[in-house]
Amino acid sequence: MNMVIAGADCTIDELMVVTLARQFDNSTRAFNGAVSFIPVCAYLLARKTHAPELVWAASSIAIDADPACLGESTLSDSIWDGAVMLSNSPFDFWAWAQGMRYNTFAFRGAQIDRYGNVNNTVIGSYDEPKVRLPGGGGMADLGCMIPDIYLWSTTHSPKIFVEQLDFRSGIGWGDGGDHREKLGLPGGRKLCVTNLCVMDFHPESRAMRLKSLHPGIILETVRESTGFEVLLPEGEVPVTETPTEEELRILREEVDPTSMRLREFPQAEN
Amino acid sequence: MNMVIAGADCTIDELMVVTLARQFDNSTRAFNGAVSFIPVCAYLLARKTHAPELVWAASSIAIDADPACLGESTLSDSIWDGAVMLSNSPFDFWAWAQGMRYNTFAFRGAQIDRYGNVNNTVIGSYDEPKVRLPGGGGMADLGCMIPDIYLWSTTHSPKIFVEQLDFRSGIGWGDGGDHREKLGLPGGRKLCVTNLCVMDFHPESRAMRLKSLHPGIILETVRESTGFEVLLPEGEVPVTETPTEEELRILREEVDPTSMRLREFPQAEN
Amino acid sequence: MDKVLKIEQAAALVTDGSILALGGLSMNSSPMAFVRELIRQGKKNLTLVAIVNGMAVDWLVAADCVRRVISGLVSFEGMGLAPNFRHAVESGVVTLEEYSEYLLIARLRAAATNLPFIPTKAGLGTDVIGLHPETTRLETDPVTGEAYVACTPLPVDVAIVHAHAADVLGNVRVDPKLLWMDNEIVNAAAKTIVTVETIVPHSSFIAEPHRTTWPRFITDAVAEVPWGAYPTSCFPKYGHDKAFFSAYSKAARNPECFRTFWDSRLAGPDTHAAFLQANGGAATVNRIRRPTT
Amino acid sequence: MDKVLKIEQAAALVTDGSILALGGLSMNSSPMAFVRELIRQGKKNLTLVAIVNGMAVDWLVAADCVRRVISGLVSFEGMGLAPNFRHAVESGVVTLEEYSEYLLIARLRAAATNLPFIPTKAGLGTDVIGLHPETTRLETDPVTGEAYVACTPLPVDVAIVHAHAADVLGNVRVDPKLLWMDNEIVNAAAKTIVTVETIVPHSSFIAEPHRTTWPRFITDAVAEVPWGAYPTSCFPKYGHDKAFFSAYSKAARNPECFRTFWDSRLAGPDTHAAFLQANGGAATVNRIRRPTT
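Predicted model, so just to flag it, every value in this text is computed and none were measured.

About the cut-offs
- Residues numbered from 1 in each chain as written.
- Chains lettered and ligands numbered in written order.
- Predicted model: local features only at pLDDT ≥ 70, side-chain atom pairs only at ≥ 80, totals over all residues.
- Heavy atoms only, no water.
- Helix = DSSP H or I, 4+ residues; strand = E, 2+ residues; numbered from the N terminus.
- Rg over C-alpha atoms; globule rule 2.2 N^0.38 Å.
- Buried < 20%, exposed > 50% of the residue type's maximum accessible area, 1.4 Å probe, protein only.
- Contact = heavy atoms within 4.5 Å.
- Lys, Arg positive; Asp, Glu negative; His and termini not counted.
- Charge placed at Lys NZ, Arg CZ, Asp CG, Glu CD.
- Buried area = accessible area lost by both parts, 1.4 Å probe.
- Salt bridge = Lys/Arg side-chain N within 4 Å of Asp/Glu carboxyl O.
- Polar contact = N/O pair within 3.5 Å; in protein donor to acceptor, adjacent residues only side chain to side chain.
- Nonpolar A, V, L, I, M, F, W, Y, C, P; charged D, E, K, R; others polar.
- Pairing = 2+ DSSP bridges.
- Right-handed = clockwise from strand over helix to strand, strands pointing away.
- Axes fitted to C-alpha atoms, helices over the stretch in contact; angles between N-to-C directions.
- Domains from an automatic or database assignment.
- Parallel < 35°, antiparallel > 145°, perpendicular 65-115°, else oblique.
- 1 Å grid on protein atoms, 1.4 Å probe; cavity = no way out; pocket = protein on both sides within 12 Å on 5 of 7 lines; lining within 4 Å.
- Points joined across faces, edges and corners; volume = space filled by probe spheres on them.
- Phe/Tyr/Trp six-rings, centres within 6.5 Å; stacked < 30°, edge-to-face > 60°.
- Arc of directions from axis to C-beta.
- Core = buried A, V, L, I, M, F, W, Y, C linked by side-chain atoms within 4.5 Å.

S.K.: Teacher, can you tell me more about the overall build of chain C here?
M.R.: In terms of helices and strands, chain C carries 12 helices and 11 strands. For 293 residues, the compact-globule estimate of 2.2 N^0.38 gives 19 Å, and chain C sits close to it at 19 Å. Dimensions along the principal axes, computed over C-alpha positions, put chain C at roughly 60 × 50 × 40 Å. Of all 293 residues assigned to chain C, the portion counted as buried reaches 66%. Here the contacts in chain C between residues at least 6 apart in sequence split such that 73% fall between residues at least 24 apart. Taken together, the 27 basic and 29 acidic charged side chains of chain C have centroids lying 5 Å from each other.

Shown next as structure tokens:
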């Protein structure tokens, strides 16, 4: 289990879930891919608190699923209980993704750059990789189709937040500025939530910008943990708002009582 | 009811159905559209005689349907009984048509030209039509996708078999010769069965060519009933082979006991 | 959010001049009760998208609700031409923007998937693609040299479809499954209104989630109208009413007869139930009801 | 025509050097029994098309059956990388032709529909489309100026999918419905071989024709293999076997351990039943079986 954050009465996984959940509202129509416990918890939490009409398609398949607890894979039927529709992957899902009937998705990445572009393909050169990663899967697709995309990382480090991706598997704000617009792509990255802080994107340059520091985290730590220069907001950097008791209760008791979300944190490996 | 053909012990509708049915074999994978009693009877008859593995999708939907008798529409559920699959129109059907999983279809047309092109759109000019016909529907599509297409007409006349279509709703052999090939289209028209004769297409010019005359029909009648010059086969023109007793029995008793196929003949209107 | 409306309220969502796509195919599953309500509300200048249709288009044209029809085929199949549609196009009162069936599907898919075009070989070598060279553009693949038709997006303001069951949230089931091309218009449409044979409890969707056709976020409004596709069919519950089609076609041969038919049996009755009653009521329902197997 | 074969006979239809597309997605519904039989028959130089996969690709690569993998993602999800696949690609023993998920779907659809390409916006602005500029070609729509990716056909020799039920004619039902992308590979393939949990009477298809997934003319051969997707899942009958994935990953860390694991628990057993037995038999089956609701 993650350490309790001083002054917040919650652990970092809980803070991340709650922070993400507060981004969503009744117009959110989300789905999830593999190993996505943090966003899955956030969708469920939002639905059980302030956004009862939020749409979540478990594994991109099981719409309005309401599992009693999460299973060990977010891409399997272990989270489909209570669904109102089992939708077809190629026809329903891809038509709705392209038509922006789904509008919200969340990505992790082995590498993330300042514009929120992501790499999950190779570390090192493509032809002679140091590590052959799983591959981008739908990253290249969904980054071009879904308008509201969130990033998260449970291990904010210079190895992940890099100056230059080894491979761009999925587009965020591309080369920054109006690059997405020029390509005719909708929306763009909204927010990046890590174990240290919350970052948004500068409205013009589209470069990552610190939005708030998690309780107890200092700016220097974020700087040292990030391979590129993080923009700062005007004025003092706020502290990330902490969860309410009610949010924590629902997350712990109703959304993820078996704490599957901890699987995304290194110390939780078993 | 149609008049019995002298020396054939059958009526013209029966001769047409049987002639068409004999074109099909176990590799035939067919479907049908609206007002297609003659080909529907032919598919069923072929399946019940020499081609038990023939595939027929009733209304393009109900695969391997085995109705006890035909209904009044060939584009409705009245002919779907006994189907092994109800397939989806846009996803299943159009994917299979484009992929040539279906290989056989049959067209009528308000006008047909020497290359087997068809018109079901307008009589007269397009912008100020004499008669606004229903429209081509899938004619323009299927003519480009399905390799083996048959034509039929229950009223062989110069109004239907015309020198020049008022509108080309569906392509047969196009402008003749290698026109289809140049367009990258598979197959082409195979045969045209009318109430007077059977015609195929010259292997090079792709113009319509008399193949056989129905019993009692003379060449002059076909010539007078056709708005373009019909090519003749080498040697004497054969007489269309007449149905066997078994074929007639199965057609009359099992395929279409209520004689819905007569709806395609003018005298059967009610 | 409860999305259930009375059919009068649902029809009121359609504004004059809209691009309206009608579900169903030929004599099957058209949203006829909704169409009748549009007529009663006197809608004007509609553009109809109807891939393969007949009676619904003919009604709306007869009621002078329509400026333009985008379609691949309008007829009563073996029962003849759609009389009002035919005359309105012949006389130029209504503009027909004509495609083939698949060219229309491709245009709808381009709209549904935010693409500049969808390619197809449909229509090559025919006069159909020449009718609208800007929306069905003849192109050549630069690598293979193959000809294709680039079909541009056909956006739809409102799709109207008839289905079997919905819950109050707008989850919809076509029973036993979707056969026709309603998905194509729904995916291309900004709004979707669904009429259903019956509203069922939400729990029945959770019990059989694999049978749901459209989830609530596709649906903008739901109206319950039993026998709502009449006089077209609603497989497997009922077939189309051949007697209605015949009587309608016969009446259309004479303007006076048609006016009487229209008032007494079509546009006059003030509810769908009254409309059914005016067309034979229980006897008609029993005639068209399919045997349950 | 009776299309039922023993799995050994069905696997024998796959010739060395074929382009083979594998059904399922990630840890769901892969035709694992069939894959195991391919390994036992020592197939060589296969090209695998696997949109999103893990264990099936890793087995075939480990057995040296594979020359090329065409895929969007190969992993064991949260359980880590697919070890043999990773090493084979890193060392260059296997060529990876990599696309994104939708670029692959678009290439398969181009093959399935005989089109020179299918357009998409997927991949724009990424390094993925630059990997294969001939098969995912960057283009500009001449009218709107919009960028798109033209995905060329990806033909498949044989598609292998696992389903729930078939009759002897080759009609197939995925129960309760097809969720994954198997239709994409089946439509693109010259031949389709289906393994099923059970062969059922033809009459059961006639009784529920709306539940049929593929008709007989899509299917070239059917083999009955209960638990044939093990160790991947076959919803709703059973889940994937996490214990197998863990043990496999652990064994793969050491060549000797892996050889032992391979011989005793994977390629050694001479039937699928023996393979199940070697991996816990009834206890395993009871663990992965989903509760019926």
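Once you've had a look at it, read on.
S.K.: For this particular structure, what's the right way to read the overall build of chain A?
M.R.: Each helix and strand in chain A was counted, giving seven helices and 15 strands. Since a compact globule built from 270 residues should have a radius of gyration of about 18 Å, the 18 Å found for chain A is in line with a globular shape. Each principal axis of the C-alpha atoms in chain A carries an extent, and together these give about 45 × 45 × 35 Å. Intrachain contacts of chain A at a sequence separation of at least 6 include 66% that bridge at least 24 residues.

S.K.: Would you take a moment to explain the interface of chain B and chain C for this structure?
M.R.: Size of an interface, as often reported, equals the accessible area lost when the parts are brought together. The interface of chain B with chain C comprises 45 residues on the first partner and 46 residues on the second. Where chain B abuts chain C, roughly 3700 Å² becomes buried across the two surfaces, and 58% of that area is made up of carbon and sulfur atoms. The tally of links from chain B across to chain C stands at three salt bridges. Its salt-bridge partner being C:Arg290, residue B:Asp77 comes within 2.8 Å of it at the nearest N-O pair. Along the contact surface separating chain B from chain C lie 20 residue pairs in polar contact (both at pLDDT 80 or more). For the side of chain B that touches chain C, the secondary structure elements donating two or more residues are α3 (89-98), β11 (129-132) and α4 (139-145) of chain B. The biggest single contributor to the side of chain B that touches chain C is α3(B), with six residues. Across the side of chain B that touches chain C, the residue classes tally to 21 nonpolar, 15 polar and nine charged.

S.K.: What is the right way to look at the pairing of strand β11 (residues 221-224) of chain C in this model?
M.R.: On a regular strand, each side chain points to the face opposite its neighbour's, so the side chains alternate between the two faces of the sheet. All names here are of chain C. Strand direction decides the pairing type here: strand β10 (residues 189-199) and β11, joined by four bridges, are parallel. Counterpart to Val194 in the pairing with β11 is Val222. In this fold, β10 hands off to helix α8 (residues 202-207), which returns the chain to β11; that crossover is right-handed.

S.K.: Please clarify how the sheet that holds strand β5 (residues 118-120) of chain C should be interpreted in this entry.
M.R.: The pairing of strands in a sheet happens through backbone hydrogen bonds and is either parallel or antiparallel. Residues and elements named next belong to chain C. Read across the sheet, three strands follow the order β5-β7-β6 without closing on themselves; strand pairing throughout is antiparallel. The strands lining the two open edges of the sheet, one partner per strand, are β5 and β6 (136-140). Averaged over all pairs of adjacent strands, the angle between strand axes in this sheet comes to 35 degrees, irrespective of strand direction. Where β5 and strand β7 (residues 147-151) come together, three bridges link them in antiparallel fashion. Residue pairing for β7: Thr120 is matched across the bridge by Val149.

S.K.: For this particular structure, what's the right way to read the domain arrangement of chain A?
M.R.: All names here are of chain A. We note that the domain assignment places domain 1 (1-102 + 244-270) and domain 2 (106-240) within chain A. Placing the centre of domain 1 and that of domain 2 at their C-alpha centroids yields a distance of 21 Å. The partner domain 2 presents 21 residues to the 25 residues of domain 1 that form the contact. Carbon and sulfur atoms supply 78% of the area that domain 1 and domain 2 bury against each other, a total of about 1900 Å² over both sides. Applying the counting rule to domain 1 against domain 2 returns one salt bridge. In this structure, Glu264 and Arg108 form a salt bridge, with 3.6 Å as the shortest nitrogen-oxygen distance. Joining domain 1 to domain 2, the criterion identifies two residue pairs in polar contact (both at pLDDT 80 or more). Looking at the side of domain 1 that touches domain 2, the elements with two or more residues in it are α1 (12-21), α2 (37-48) and α3 (89-98). The greatest single-element share of the side of domain 1 that touches domain 2, amounting to five residues, is contributed by α1.

S.K.: Whenever I open this one, the packing of helix α1 (residues 12-21) of chain B against helix α7 (residues 245-255) of chain B confuses me. Can you help?
M.R.: Pairs of packed helices are described in terms of their axes, by the angle between the two and the distance that separates them. Residues and elements named next belong to chain B. Between α1 and α7, the shortest axis-to-axis distance is 11 Å and the interhelical angle comes to 110 degrees. Viewed along their axes, α1 and α7 adopt a mutual orientation that is roughly perpendicular. Seen from α1, the contacting residues are Glu14, Val17 and Val18; seen from α7, they are Glu247, Leu248, Leu251 and Arg252.

S.K.: Please clarify how empty space enclosed by the protein should be interpreted in this entry.
M.R.: Empty pockets left among the atoms are what a rolling probe the size of a water molecule brings to light. Scanning the entire structure with this criterion turns up nine cavities of 30 Å³ or more. When its volume is computed, the largest cavity comes out at roughly 550 Å³. Here the residues of the lining of the largest cavity sort into 18 nonpolar, eight polar and four charged.

S.K.: I'm lost on the domain arrangement of chain C in this one. Help?
M.R.: Residues and elements named next belong to chain C. Each assigned domain of chain C is listed with its residue range as follows: domain 1 (7-99 + 154-284) and domain 2 (117-152). Summarising the inter-unit geometry, the C-alpha centres of domain 1 and domain 2 are found 31 Å apart. Each side of the interface is counted separately: domain 1 has four residues, and domain 2 has six residues. Approximately 390 Å² of surface area, both sides summed, lies buried where domain 1 meets domain 2, with 62% of it carried by carbon and sulfur atoms. When the area that domain 1 buries against domain 2 is broken down by residue, the three leading residues are Glu98, Tyr99 and Leu154, summing to 87%. The interface formed by domain 1 and domain 2 includes zero salt bridges. Scanning the region where domain 1 abuts domain 2 turns up three residue pairs in polar contact (both at pLDDT 80 or more). Taken together, the residues of the side of domain 1 that touches domain 2 break down into two nonpolar, no polar and two charged.

S.K.: In this structure, what is going on with the packing of aromatic side chains? I would like to understand it.
M.R.: The description of two aromatic rings rests on the distance between their centres and on the angle between their planes. Applying the stated criterion across every chain yields a total of 64 aromatic pairs over all chains. With centroids separated by 5.0 Å and ring planes inclined at 40 degrees, the aromatic side chains of B:Phe24 and B:Tyr43 adopt a geometry described as tilted. Remark: B:Tyr43 occurs in helix α2 (residues 37-48) and B:Phe24 occurs in the loop between α1 and β3 (29-31); sequence separation between them is 19 residues. Judged by relative accessible area, which is 2%, B:Phe24 ranks as buried. Seen in terms of ring centroids, C:Tyr230 and C:Phe244 are 6.0 Å apart; in terms of plane orientation they differ by 75 degrees. Their pairing is edge-to-face. Note that C:Tyr230 is positioned in the loop between β11 and α9 (242-251) and C:Phe244 in helix α9, a separation of 14 residues in sequence.

S.K.: When you look at α9(C) in this model, what are you seeing that I'm missing?
M.R.: One turn of the α-helix equals 3.6 residues, which is why residues spaced by three or four share an orientation. Residue and element names in this part refer to chain C. Three or more residues of α9 are buried, namely Phe244, Phe245, Tyr248, Ser249 and Ala251. Along the axis of α9, the buried positions cluster into a sector of 165 degrees, meaning they face one direction only. Buried residues along α9 sit in contact with α3 (55-62), α4 (83-91), α10 (255-266) and α11 (272-278).

S.K.: Where do I start with the interface of chain A and chain D in this structure?
M.R.: Contacts between the two partners involve 45 residues from chain A, matched on the other side by 45 residues from chain D. Approximately 3700 Å² of surface area, both sides summed, lies buried where chain A meets chain D, with 58% of it carried by carbon and sulfur atoms. The largest per-residue losses of area from chain A upon contact with chain D belong to A:Asp77, A:Arg132 and A:Pro134, which jointly make up 16% of the total buried on that side. There are three salt bridges connecting chain A and chain D. With a closest N to O distance of 2.6 Å, A:Arg132 and D:Glu98 form a salt bridge.

S.K.: What is the right way to look at the nonpolar core in this model?
M.R.: In summary, soluble globular proteins display a tendency toward joint burial of nonpolar side chains. The biggest cluster of nonpolar side chains holds 281 residues, and the ones touching the most others in it are A:Trp80, A:Tyr102, B:Trp80 and B:Tyr102. In this structure, D:Met27, D:Val89, D:Val94 and D:Ala221 belong to the second largest nonpolar core, which totals 59 residues.

S.K.: What is the right way to read the pattern of salt bridges from this model?
M.R.: Opposite charge on two side chains lets them pair, provided their charged atoms get close. Within the structure shown, the criterion is met by 68 salt bridges over all chains. In this structure, the salt-bridge partner of C:Arg287 is C:Asp241, at a minimum N-O distance of 2.5 Å. Linking C:Arg287 in helix α12 (residues 281-288) with C:Asp241 in the loop between β11 and α9, this pair joins segments that are 46 residues apart in sequence. What makes C:Asp241 buried here is its relative accessible area of 2%. Notably, a salt bridge pairs D:Glu97 with D:Arg68, separated by 2.4 Å at the nearest N-O pair. Here D:Glu97 is found in strand β4 (residues 95-98), whereas its partner D:Arg68 is found in strand β3 (residues 66-74), with 29 residues between them in sequence. Taking the relative accessible area as the measure of exposure, D:Arg68 reaches 27% and is therefore partly exposed. Connected through salt bridges with shared partners, the residues A:Asp13, A:Glu14, A:Arg252, A:Asp256 and A:Arg261 form a single ionic network.

S.K.: What's the story with the environment of D:Ser100 in this structure? I'm lost.
M.R.: As for its placement among the helices and strands, D:Ser100 is situated in the loop between β4 and α5 (101-112). A C-alpha to C-alpha distance of 14 Å links D:Ser100 and D:Ala150, two positions 50 residues apart in sequence. Beyond its immediate chain neighbours, meaning those up to four positions away, D:Ser100 contacts A:Gly137, A:Ala140, A:Asp141, D:Gly72 and D:Val128. A polar contact is formed between the side chain of D:Ser100 and the side chain of A:Asp141, at a distance of 2.4 Å.

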